[in-house]
Amino acid sequence: IQVLSVMASVTPVRKRIFLRREDQLSGDVSALVAMNSNTFLGSMAVSFEEGCYLGVVERMLGEKHETVTPEIQDACAELCNQIAVSQRGRCWMCWV
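Q: Sorry if this is basic, but what is going on with the overall build of the protein here?
A: Helix and strand counts for the protein come out as 3 helices and 2 strands. Of all 96 residues assigned to the protein, the portion counted as buried reaches 25%. Taking contacts inside the protein between residues at least 6 apart in sequence as the whole, the part at least 24 apart equals 43%. On the protein, roughly 7,100 Å² of surface is accessible, and the fraction owed to carbon and sulfur atoms is 50%.

Q: Help me understand helix H3 (residues 70-87), please; the structure alone is not making it clear to me.
A: Counting along an α-helix, one turn takes 3.6 residues, and residues three or four places apart therefore face a common direction. Under the 1.5 Å per step criterion, the end-to-end length of H3 is 27 Å for 18 residues, consistent within 8% with the ideal 26 Å. Buried residues of H3: Ile72, Ala75, Cys76, Leu79, Cys80, Ile83 and Ala84, and no others. Here the buried residues of H3 occupy an arc of 165° about the axis, which is enough to place them on one side. Exposed and facing more than 90 degrees away from the buried side of H3 are Pro70, Glu71, Asp74 and Val85.

Q: Whenever I open this one, the side chain of histidine 65 confuses me. Can you help?
A: Mapped onto the elements, histidine 65 comes out in the loop between helix H2 (50-61) and H3. With a relative accessible area of 15%, histidine 65 lands in the buried category. For histidine 65, the side chain forms a polar contact with the side chain of glutamate 63, separated by 3.4 Å. Other than its neighbours up to four places away in sequence, histidine 65 contacts Leu54, Val57, Glu71 and Ile72.

Q: When you look at the packing of H2 against H3 in this model, what are you seeing that I'm missing?
A: In a packed pair of helices, the relevant descriptors are the angle between the two axes and the axis-to-axis distance. For the pair H2 and H3, interaxial distance at closest approach is 10 Å and the crossing angle is 85°. When the interaxial angle is binned, H2 and H3 end up roughly perpendicular. From H2, Tyr53, Leu54, Val56, Val57, Met60 and Leu61 reach across to H3, where they touch Ile72, Gln73, Asp74, Ala75, Cys76 and Leu79.

Q: Would you mind showing me how to read the nonpolar core here?
A: A general tendency of soluble globular proteins is for nonpolar side chains to be buried together. Among the nonpolar cores identified, the biggest contains 22 residues, and Met44, Val46, Phe48, Tyr53 and Cys76 are the most heavily contacted of them. Listing elements by their share of this core, those giving two or more residues are helix H1 (2-8), strand S1 (29-36), strand S2 (41-48), H2 and H3. The biggest single contributor to this core is H3, with 7 residues. Discounting residues that sit within four places of it in the chain, tyrosine 53 has contacts with Val29, Phe48, Val68, Ile72, Gln73, Asp74, Ala75 and Cys76.

Q: Please clarify how H2 should be interpreted in this entry.
A: If you check H2, its first and last C-alpha atoms are 16 Å apart, about what 12 residues at 1.5 Å a residue would give, namely 16 Å. Within H2, burial applies to Tyr53, Leu54, Val56 and Val57. For H2, the buried positions fall inside an angular range of 165° around the axis, keeping them on one side. Immediately downstream of H2, the backbone of glycine 62 shows phi near 75°, a positive value.

Q: Would you take a moment to explain the pairing of S2 for this structure?
A: Walk down a regular strand and you will see the side chains alternate between the two sheet faces. Pairing of S1 with S2 involves 8 bridges; the strand directions are antiparallel. Across the sheet, residue methionine 35 finds its bridge partner in S2, namely glycine 42. Here S1 folds back onto S2, and the loop between the two strands holds 4 residues.

Rules used in this analysis
- Residues numbered from 1 in each chain as written.
- Predicted model: local features only at pLDDT ≥ 70, side-chain atom pairs only at ≥ 80, totals over all residues.
- Heavy atoms only, no water.
- Helix = DSSP H or I, 4+ residues; strand = E, 2+ residues; numbered from the N terminus.
- Buried < 20%, exposed > 50% of the residue type's maximum accessible area, 1.4 Å probe, protein only.
- Contact = heavy atoms within 4.5 Å.
- Areas by Shrake-Rupley, 256 points an atom, 1.4 Å probe, with all protein chains shown as cover.
- Expected span 1.5 Å × (residues − 1).
- Arc of directions from axis to C-beta.
- Polar contact = N/O pair within 3.5 Å; in protein donor to acceptor, adjacent residues only side chain to side chain.
- Axes fitted to C-alpha atoms, helices over the stretch in contact; angles between N-to-C directions.
- Parallel < 35°, antiparallel > 145°, perpendicular 65-115°, else oblique.
- Core = buried A, V, L, I, M, F, W, Y, C linked by side-chain atoms within 4.5 Å.
- Pairing = 2+ DSSP bridges.

Right under this line is the structure:
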């Protein structure tokens, strides 16, 4: 929530956090980051429906886009990385 607030000037509302048991992400635009260490093997993902993602990217870049293009797909990975790094010190399982 903090990363989206800072990077895109939006205040998201968290509905639920859950452990995914499937190998497929559910949004139109998604990013995944590995969170592996000697004591933990896992990953963290963010996933957006297209309309939501376009709104977030517009706030981040100051440019309006009508569809998701390769040019703006990297913003999802950047958000995912920023969220993972921001939680690294707070995570009850230490990962590197």
